[in-house]
Amino acid sequence: MQQHIFNAMRGLNMIDGCKSAQVYSLNQMAGGGAAGGGGKEGFLQQLQEHLRVNSVRSRAHQRCQNVSQTSNGNSTTVAEALAAYGLPKADLIEPQIDPFLKFVDFVGVLADVYRRLENCPELERSEMYMEQCAIFRGMPDPKLFRRCLRSARQHAVDVHSKVVLSAWLRYERREDELLGVSAMDCSGRSMECPKGSLVSGYNPESVNDNCLCFRGGEEEGGLESDEVCSTSLSYGGEVDDDDYDMWFCVGEDEVRCNRFKISSLSRPFKSMLYGNFVEAKKERIYFAQNGISAKAIRAAEVFSRIKSVDSFDPNVVLELLSFANRFCCDELKSACDVFLASLVGDIEMALQLIDYGLEETAHLLVAACLQVILREPSCSVQPNVLRHFCTSEALQRLASVGHASFLLYNFLSLIAMEENMKSNATVMLLERMGDCATKSWQKQLAFHQLGCVMLERREYKDAQKWFEAAFQAGHVYSLIGVARGKDKRGHKYKAFKLTNSLFSDCNPCGWMYQERALYSSGREKMMDLNTATEMDPTLSYPYKYRAVSMMEEDKIGVAISEVNKIIGFKVSPDCLELRAWFLISLGDYEGALTDVRALLTLDPKYMMFHGQMPGEQLVELLCNLVEQRDQADCWMQLYDRWSSVDDIGSLAVVHHMLAIDPGKSLLRFRQSLLLLRLNCHKAAMRSLRMARNHAASDHERLIYEGWILYDTGYREAAIAKAEKSISLQRSFEAFFLKAYVLSETTADHESSFYVIKLLEEALRCPSDGLRKGQALSNLASIYVDVDKLDHAVDNYTNALTIKHTRAHQGLARVYHLKNLRKTAYDEMTKLIEKARDNASAYEKRSEYCDREMAKSDLSMATRLDPLRTYPYRYRAAVLMDDHKEAEAINELTRALAFKPDLQLLHLRSAFLDSIGDYVSTIRDCEAALCLDPNHSDTLELYRKAQKLAEEQQE
């Protein structure tokens, strides 16, 4: 039975995975009296200086002075000195309100979006995908959001949407941070090509084509700049004098024209020249009072014959644009619009021309200017740029040319919030976003984010107003923002009543218990926090509150154990800061330094102790209390920590090594791998970009660009980068990148043997033991897939020889395939003993023992990392085999409450199907397909359930 469960539910990965908010509000009163003793005078003196410079309260400052004057040598004086910054106080801890959409019934929301997406017209699919983006924004895996963003761009119809979405895709990779990359550089991908974005029309298949930049010169519009000159205005080819039958007179200049061709420019001209106006009978028409120069009239005459403005001086074309607007010359205006749009290539040009475009309602010109601005995120938040977006008048001007949209302001507000959440610009952009919101989800998002920003700005009345607006639009989660605003304004009981009302109106969620706990105390508070953790173990506030409460009772060891629980599966700067504080209190400066270094890897600008001390300064102070290491010592330490699967410790060592050698791209790359293993995707991408910028050679730079592309969903482009790197120089990392990406995209035997060759080539190239151990393990995994088990054993053994500890897991798998379950179990036991982060090891070992031992191992895996889904699926499958259907479904439902996972949804839908609940089966299938529309097993079950549901209704 157990083997059946394994085969039905779990597929082993082919490749081994290689790949700020403040912690608390701090008490401003210094804690504790001046203790005797001080063997760390240098450390304390630096603290005193920092306190003096930053004007910390005189009492805290005096306490530090007293500490430094003592000579007892008691290491606790260090903690007392840091207490001057404020002790962590349980009553002042407050969870952050997430600034994205959050739902009571997330599975139902996913199912509804999938259903509407499948039934919506083709031309509306782009907007539906953007709704999906808003839903996925708050999920920990950014790949879901990026996939929907690409789909939205693929199905975009109008130029405006294409411009914004192409820039947004580029922003997700932060290409503006890559040295030597211009905003208007084309990556070769059609959906992000700046020229392709300016082409209107619906063609979803075109995103797979080569972009306009790679199709040759025949599609290039306009002439080279040295061919553009005003001298060509007089001639548009040979013209017979007999063709001229009228003149436009501008001052002393006379411009010869053909009446018929000029009249063809627009209806006003046709009426003027052939209608009942006096000009129809004149050969000379005076144009001096229209503000149009003779040069512009001459250009208009040339255009009337050749229908092109490509040879004109740009200043003349600008005047022609005004002329075309005044006299309704649509064809001329379109030609000017296209020509001027082709000139926009940098931010300076964009800022010069956007006002012209807005004044003359030139849709394409404004689009081209907008594109450059949006592809330079750092520029888009500058005051001289924001004036084009922030005010109501700016919104109206953009709307007049078809460039005011919820999509635009959603993107701009995202950039502004990441830059400075409290700024006036952020508020104004969000207000404009609300002005553009028409759909319910758009209003929910705009108003909720405005509430979050106002709460950060401590404008509680406005925050409450916006949260109420979001709640009225249908966003239930915003009600906790209303309660928070009431509490901040002194109405704590009203806040409690409001939060408590959620429990009668909705199915309770973990965050509801967490929020209610804010307004209660004592036993009731702790009960709510414990329930919150039970229902949603990913919420960090309950762990932090319990830990600080224990700290206040001098139970520091227990406090550290409590915060360790969440750091074990969800690493965040605030929790690392809290543990560092506890470790300093214990005098464990080495451990505290490790946590602060890891914290700064996640957020290099993090401010410690209520924003009073930069993290880098605390590192310098703590370095005086620990053993100093050189680069060679660090490499040895990194080897040990990597081998013991201590990812946080490894991050700290790499941070130290980068402080010694900041330009080492290999270390930045190593850093990104660790961050990906810890699910810190944003920080990992930042490290990858820095590795790329510090690359010492072109072939190395291409490798890092390939990893960036792979991690953002462009696998073919990543392979192309690897191949180009190999053509420049054969290297371990280039072969490894190509092999890794290919193994993820193909699964047939022929491809597997090709991956084996690539990995063997990689192993022939120079590299360090850490990376070679990974390559050996990956190679062995491929050998397992092609049934060459002896080769797999050899490679896993070689990987273990160079301390690649994770190879124990692969070796156990081979032993299991050879029917050596006891040996496999023992192999996993070795991994559990060696690995510091060993939740996955417990999970894997459960496959090689009997049911009771498996249940014990999986319970341990869930306790160490509740985000791992296999234990829930196993327990549910066992319950189903025991004919406990309700308990099995409840087991999966418990996990789905905080982890909307494809496999969990698929399994629950299968269980619901087996008991004949086809309506619920369809709902779960739709939710699963929203996460992965191409999941074949779910698609099959979905069609079957639909058919059975129809038969049941009949």
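Everything below is about the structure printed above this text.
Position numbers for residues count from 1 along each chain, tracking the sequence in the order it is written. The model is predicted, so local features are restricted to residues of pLDDT at least 70 and side-chain atom pairs to those at 80 or more, both for listing and for counting; the totals for chains, interfaces and linings are taken over all residues. With hydrogens and water stripped out, all remaining heavy atoms of the structure feed into the side-chain values.

Peer 1: Can you explain the packing of aromatic side chains? Please cite residues and give values.
Peer 2: Centre distance and the angle of the planes are the two values used to describe a pair of aromatic rings. Planes of paired rings set the category: under 30 degrees apart is stacked, over 60 is edge-to-face and the rest tilted, where pairs are Phe, Tyr or Trp rings (Trp by its six-membered ring) whose centres lie within 6.5 Å. Enumeration over the complete set of coordinates arrives at 23 aromatic pairs. Ring centres of W168 and F411 lie 5.1 Å apart, and the angle between their planes is 20°; on these two criteria the pair is classed as stacked. Of this pair, W168 sits in helix α8 (residues 159-172) while F411 sits in helix α19 (residues 406-419), placing them 243 residues apart in sequence. Taken as a pair, W168 and F411 share a single burial class, namely buried. The interplanar angle of 85° and the centroid separation of 5.9 Å between the aromatic rings of W707 and Y710 together place this pair among those described as edge-to-face. Linking W707 with Y710, this pair stays in helix α37 (residues 698-711), spanning three residues, or about one helical turn. Both residues of the pair, W707 and Y710, belong to the buried class. Strands are runs of DSSP state E lasting at least 2 residues, helices are runs of H or I lasting at least 4, and numbering of each runs from the N terminus. Accessibility here uses a 1.4 Å probe with only protein chains present; expressed as a share of the type maximum, an area under 20% marks a residue as buried, one over 50% as exposed, and anything in between as partly exposed.

Peer 1: Go over the pairing of strand β1 (residues 246-250), please, and point to the residues and values.
Peer 2: Burial analysis of β1 places four of its five residues in the buried class, which makes it a mostly covered element. Any two strands with at least two DSSP bridges between them are considered paired. Summarising the sheet, β1 and strand β2 (residues 253-257) pair through five bridges and their orientation is antiparallel. Paired with F248 across the bridge in β2 is V255. What sits between β1 and β2 in their antiparallel hairpin is a turn of two residues, with G251 showing a positive phi close to 65°. With three bridges joining them, β1 and strand β3 (residues 284-286) adopt parallel strand pairing. Residue pairing across strands places F248 opposite I285, the latter belonging to β3.

Peer 1: So what about the pattern of salt bridges? Which residues, and what values?
Peer 2: Every case where a carboxyl oxygen of Asp or Glu lies within 4 Å of a side-chain nitrogen of Lys or Arg is listed as a salt bridge. In total, this model carries 59 salt bridges according to the counting rule given. Between E843 and R868 there is a salt bridge; the shortest N-O distance is 2.9 Å. Of the two residues, E843 sits in helix α45 (residues 839-845) while R868 sits in the loop between α46 (851-864) and α47 (870-881), which places them 25 residues apart along the sequence. Exposure remark for R868: the relative accessible area of 26% places this residue in the partly exposed category.

Peer 1: Give me the environment of L676: which residues, what numbers.
Peer 2: Topologically, L676 is positioned in helix α35 (residues 665-677). Under the relative-accessibility criterion, L676 is labelled buried at 13%. Along the primary structure L676 and D711 are separated by 35 residues, whereas in three dimensions their C-alpha atoms are 9.7 Å apart.

Peer 1: Could you give an account of the packing of helix α24 (residues 492-505) against helix α25 (residues 510-517), with specific residues and numbers?
Peer 2: With their axes 9 Å apart at the nearest point, α24 and α25 run at an angle of 160° to one another. As summarised for this structure, α24 and α25 are arranged roughly antiparallel, according to the angle between their axes. The interaxial crossing formed by α24 with α25 has left-handed handedness. The segment α24 lies against α25, with F496, T499, N500, L502 and F503 engaging W511, M512, Y513, E515 and R516. Axis angles are defined between N-to-C directions and span 0 to 180 degrees, where every axis is a line fitted to C-alpha atoms and, for a helix, only to the segment in contact. Roughly parallel covers angles under 35 degrees, roughly antiparallel covers those over 145, roughly perpendicular covers 65 to 115, and oblique covers all other angles. Here is the rule for handedness: rotate from the far helix to the near one, and if that takes an anticlockwise turn smaller than a right angle the crossing is left-handed, while a clockwise turn gives right-handed. Residue contacts are defined here by distance: any two heavy atoms, one from each residue, within 4.5 Å place the two residues in contact.

Peer 1: Describe the sheet that holds β2, with residues and values.
Peer 2: Two pairing modes exist for strands in a sheet, parallel and antiparallel, and in both the strands are linked by backbone hydrogen bonds. If you walk across this open sheet you meet the three strands as β2-β1-β3, and the pairing is mixed. Both edges of this open sheet fall to β2 and β3, since each of them pairs with a single strand only. Each neighbouring strand pair of the sheet contributes to a mean axis angle of 25°, computed without reference to strand direction. Across the sheet, helix α11 (residues 294-306) lies against β1 and β2, angled at about 10° from β2, the strand it touches most.

Keep in mind these numbers describe shape, not what the thing actually does.
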